[in-house]
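Each chain, letter by letter, is given below.
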Amino acid sequence: MKIKREDIRNIAIIAHVDHGKTTLVDELLKQSGVFRSNQAVQERVMDSNDIERERGITILSKNTAVFYKNTKINIIDTPGHADFGGEVERVLKMVDGVVLVVDAFEGPMPQTKFVLKKALELDLSIIVCINKIDRPEARPDEVIDEVLELLIDLDASDEQLDCPFIYASAKSGIAMLEIDEEGQDMQPLFETIIEHIPAPEGDPDAGTQVLISTIDYNEYVGRIGVGKVSNGTIQVNQDAMIVNAHEPEKTRKVKISKLYEFDGLNKVEVEKASVGSIVAISGIADIHIGDTLCSPENPEPIQFQKISEPTISMNFIVNDSPLAGKEGKYITSRHLRDRLMRELNTDVSLRVEETDNTDSFKVSGRGELHLSVLIENMRREGYEFAVSKAEVIYRKDENGKLLEPMETAVIDVPDEFTGIVIEKLSLRKGELTGMSKASGGYSRLEFNIPSRGLIGYRGEFMTDTKGNGILNTLFNDYGPYKGDIAYRQTGSLIAFESGETLAYGLFNAQDRGTLFVGPGEKVYGGMIVGQNPKGDDMELNVCKAKHLTNTRASGSDDALKLTPPRILSLEEALDFIENDELVEVTPKSIRMRKKILDTKMRMRANRK
């Protein structure tokens, strides 16, 4: 017999990137008494990864739990960036409702639409939280209308359209039911969660059913499966079967060795958990997302939503440059392969394929950011390797016609820059589908554009809009191939010989374009040392020294004035390279190079 667990609520916080999800979870944790009064708590406590903290984005969804008036509220903080949409899709299976956070100025954005659509498909209850109402340019009334329009567009049911609206400032730690109220704390949001989010249902007397929605990894205990107990109970030392709805042949007998529940930011060991509880299970070596843990008597898998397929791929290659192996700890193909296979343990949106070349692996993901975060993580762990330019993954329709991934790009840009943005995206096969006025002298442009048209555009966009533009993209669908795109209008400046850069050589080279290297840096023949504005590749000798004679002294070099080099970040380097170039990634350096280092061989290959 099915029962409701009134003492539990399971919710996910969903929103577009930078709308304040993680800050909101911070406040819910603080005000529920998770932290001691004298405890020092850093901002965005849920973003535990270094890259998350540096970039101010959430990459991995995280579980936490708070208590409010004897009710346990399990909260999942989800990523807002489209490239990590795979994370959002799967965690929604664990919850009974969502808190949709929307910025009181920006309103619903592409990712808001994506995550909301997924929540509506699963028939989840919705609470809309209009955040950042203390912004001077906030427009909460208009944003509410936009959210309701979005719900209608997505065919929401009458119950979902009748969802409650909360006004909040997560930064100030206040929430209100009415816009003109004086906010005190987060209590209105807690009350609304208890009132509007249904309690989890299930049959405690039936056989055990736990769907694994997230995988955590710990080097001491290995893989940890996280999921919700849908039916029955689960306890330590219990025998269970692993089954999977998408892999009918998969059946394996296992034993539950350790069981945890979430309490604040910690995992607490428990002996037993019942219907509606979100649990973490360790000690099962080969557990995967989408697996169902069942009782051996009745192994019935729970249906699991297939994760959206990747759209972009790169080759990860063993580094073979003249400077290979000098800075990295892990440099062989075996190291590279093991690390990529380990990443598959936790990242469901990633694909790794072996190629004809044993030193190269094809890695596919949801977008450039998705793959660049993986590259950055590996670099920090001591890996050294090279990566190729990102390429989109094509498909063919039933008539054999080529299809390519299409994206919706929503751009907020000052009025004076709309012309240049429309011009640039038109060259990249983008179609302008909507244009509207936003407040504060900004315009909102909507484009339908091939994913390949956006590769390498972000840096150019920031330059064109003087850093004032906001670009958001979301995968739409596969559409007909749009024809060739000319990516880069500039060429590369290539080092002619190996050695150490000298001021004299750089001084002579800087008139040719923008340099990426300064004096005293190690370079090699075929390495990219700068950008040529004329569009052609050009070879330079940046290691050239001044020959000393009776009349020329070495000290006169001191008078040479060098322009500071442009230091590229990992993303900028990945954006810059062309198809015949690679980015060499080491723990200490990011270099760019030609695939073929030797000049004569490169010219011969270009001639073919």
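Just so it is clear, the model here is predicted, and its values are computed rather than measured.

Novice: Give a detailed account of the overall build of the chain, specifying residues and quantitative values.
Specialist: Helix and strand counts for the chain come out as 15 helices and 37 strands. Looking at the 608 residues of the chain, the share that counts as buried comes to 54%. Sequence-distant contacts in the chain: of pairs separated by 6 or more residues, those separated by 24 or more amount to 71%. Accessible area of the chain: about 27800 Å², with a carbon and sulfur share of 47%.

Novice: Quick rundown of the packing of aromatic side chains? Include the residues and the values.
Specialist: In total, this model carries five aromatic pairs according to the counting rule given. Between the aromatic rings of Phe316 and Phe385, the centroid separation amounts to 5.4 Å while the plane-to-plane angle is 10 degrees, which identifies the pairing as stacked. Of this pair, Phe316 sits in strand β20 (residues 312-318) while Phe385 sits in strand β23 (residues 385-388), and the two are 69 residues apart along the sequence. Of the two residues, Phe316 and Phe385, both sit in the buried class.

Novice: Tell me about the environment of Leu568, and name the residues and values.
Specialist: With respect to the secondary-structure elements, Leu568 resides in the loop between β35 (538-540) and α14 (570-576). Separated by 52 residues in sequence, Leu568 and Phe516 have C-alpha atoms that sit 7.3 Å apart. If we skip the residues at most four places from it in the chain, Leu568 touches Phe516, Ala573, Phe576 and Met592.

Novice: Requested: an account of the environment of Glu571, with residues and values cited.
Specialist: Checked against the element boundaries, Glu571 lands in helix α14. Taking relative accessible area as the criterion, Glu571 reaches 25% and is therefore assigned partly exposed. As a C-alpha pair, Glu571 and Glu368 span 203 residues in sequence and 8.2 Å in three-dimensional space. There is a polar contact of 2.7 Å between the side chain of Glu571 and the side chain of Ser372.

Novice: Which residues make up the packing of helix α8 (residues 333-343) against helix α9 (residues 368-380), and what are the values?
Specialist: One way to put it is that α8 packs onto α9 with a least axis distance of 12 Å and a crossing angle of 125 degrees. One finds that α8 runs oblique with respect to α9. Classified by chirality, the crossing of α9 by α8 is right-handed. Across the interface between the two elements, Leu336, Arg339, Leu340 and Glu343 from α8 touch Leu374, Asn377 and Met378 from α9. For the contact of α8 with α9, a count of residues per class yields four nonpolar, one polar and two charged.

Novice: Explain the side chain of Arg452 residue by residue, including any values.
Specialist: Mapped onto the elements of the fold, Arg452 is located in helix α11 (residues 451-454). Here Arg452 falls in the buried class, since its relative accessible area comes to 5%.

Novice: Explain the pattern of salt bridges residue by residue, including any values.
Specialist: Within the structure shown, the criterion is met by 27 salt bridges. One salt bridge connects Lys228 with Asp96, and the closest N-O pair in it is separated by 3.5 Å. In this pair, Lys228 sits in strand β11 (residues 222-231) while Asp96 sits in the loop between α3 (85-91) and β5 (97-103), placing the two residues 132 residues apart along the sequence. When sorted by exposure, Lys228 lands in the same class as Asp96, which is buried. Between Asp580 and Lys594 there is a salt bridge, with the nearest N and O atoms lying 3.0 Å from each other. Remark: Lys594 occurs in strand β37 (residues 590-594) and Asp580 occurs in the loop between α14 and β36 (581-585); sequence separation between them is 14 residues. Looking at Asp580, the relative accessible area reads 29%, which means it is partly exposed. The exposure class assigned to Lys594 is buried, which follows from its relative accessible area of 1%.

Novice: Hey, could you go over the environment of Val413 for me, with residue numbers and the actual values?
Specialist: Tracing the chain through its elements places Val413 in strand β26 (residues 402-414). The sequence separation of Val413 and Gly467 amounts to 54 residues, and the corresponding C-alpha distance is 9.6 Å. Residues in contact with Val413, not counting those within four places in the same chain, are Thr418, Val421, Gly441, Tyr442, Ser443, Leu445, Thr465 and Gly469.

Novice: With reference to specific residues and values, describe unusual backbone geometry.
Specialist: Glycine aside, a negative phi is what most residues show, and trans is what most peptide bonds show. With a phi angle near 60 degrees, Asp123 is a residue other than glycine that sits in the positive phi range. Tracing the backbone shows Asp123 in the loop between α4 (110-121) and β6 (125-131). For Asp155, which is not a glycine, the phi torsion comes out positive at approximately 60 degrees. Here Asp155 shows up in the loop between α5 (140-153) and α6 (158-161). A relative accessible area of 67% means that Asp155 is categorised as exposed.

Novice: Kindly report on α5, identifying the contributing residues and their values.
Specialist: In this model, α5 (14 residues) spans 20 Å end to end at C-alpha, consistent with the 20 Å of a helix rising 1.5 Å per residue. What α5 keeps buried is the set Pro140, Val143, Ile144, Val147, Leu150 and Leu151. Projected down its long axis, α5 carries its buried residues within an arc of 120 degrees, all on one side. Exposed and facing more than 90 degrees away from the buried side of α5 are Asp141, Glu149, Ile152 and Asp153. Asp155 lies just past α5 and shows a positive phi near 60 degrees.

Novice: Can you tell me about the pairing of strand β18 (residues 278-282), naming the residues and giving the values?
Specialist: Counting buried residues in β18 gives five out of five residues, a clear majority hidden from the surface. The side-chain alternation of β18 yields two buried faces, one formed by Ile278, Ala280 and Ser282 and the other by Val279 and Ile281. Bridging between strand β15 (residues 258-263) and β18 involves four bridges; their strand directions are antiparallel. Within β18, the position partnered with Glu261 by the bridge is Val279.

Novice: So what's going on with the pairing of strand β30 (residues 491-495)? Which residues, and what values?
Specialist: Burial analysis of β30 places five of its five residues in the buried class, the great majority of the element. Across three bridges, β30 lies against β35 in parallel orientation. Paired with Ala495 across the bridge in β35 is Leu540.

Novice: Describe the nonpolar core, listing the residues and the values that go with them.
Specialist: Membership of the largest hydrophobic core comes to 41 residues, with the highest contact counts inside it found for Val128 and Ile130. Those residues within four positions of Ile130 in sequence are excluded, and the remaining contacts are Val102, Ala104, Pro140, Val143, Ile144, Phe165, Ile166, Tyr167 and Ala168. Among the nonpolar cores identified, the runner-up in size contains 31 residues, and Val352, Tyr383, Leu568 and Leu570 belong to it.

Rules and cut-offs
Residues numbered from 1 in each chain as written. Predicted model: local features only at pLDDT ≥ 70, side-chain atom pairs only at ≥ 80, totals over all residues. Heavy atoms only, no water. Helix = DSSP H or I, 4+ residues; strand = E, 2+ residues; numbered from the N terminus. Buried < 20%, exposed > 50% of the residue type's maximum accessible area, 1.4 Å probe, protein only. Contact = heavy atoms within 4.5 Å. Areas by Shrake-Rupley, 256 points an atom, 1.4 Å probe, with all protein chains shown as cover. Phe/Tyr/Trp six-rings, centres within 6.5 Å; stacked < 30°, edge-to-face > 60°. Polar contact = N/O pair within 3.5 Å; in protein donor to acceptor, adjacent residues only side chain to side chain. Axes fitted to C-alpha atoms, helices over the stretch in contact; angles between N-to-C directions. Parallel < 35°, antiparallel > 145°, perpendicular 65-115°, else oblique. Left-handed = near helix turned anticlockwise from the far one by under 90°. Nonpolar A, V, L, I, M, F, W, Y, C, P; charged D, E, K, R; others polar. Salt bridge = Lys/Arg side-chain N within 4 Å of Asp/Glu carboxyl O. Expected span 1.5 Å × (residues − 1). Arc of directions from axis to C-beta. Pairing = 2+ DSSP bridges. Core = buried A, V, L, I, M, F, W, Y, C linked by side-chain atoms within 4.5 Å.

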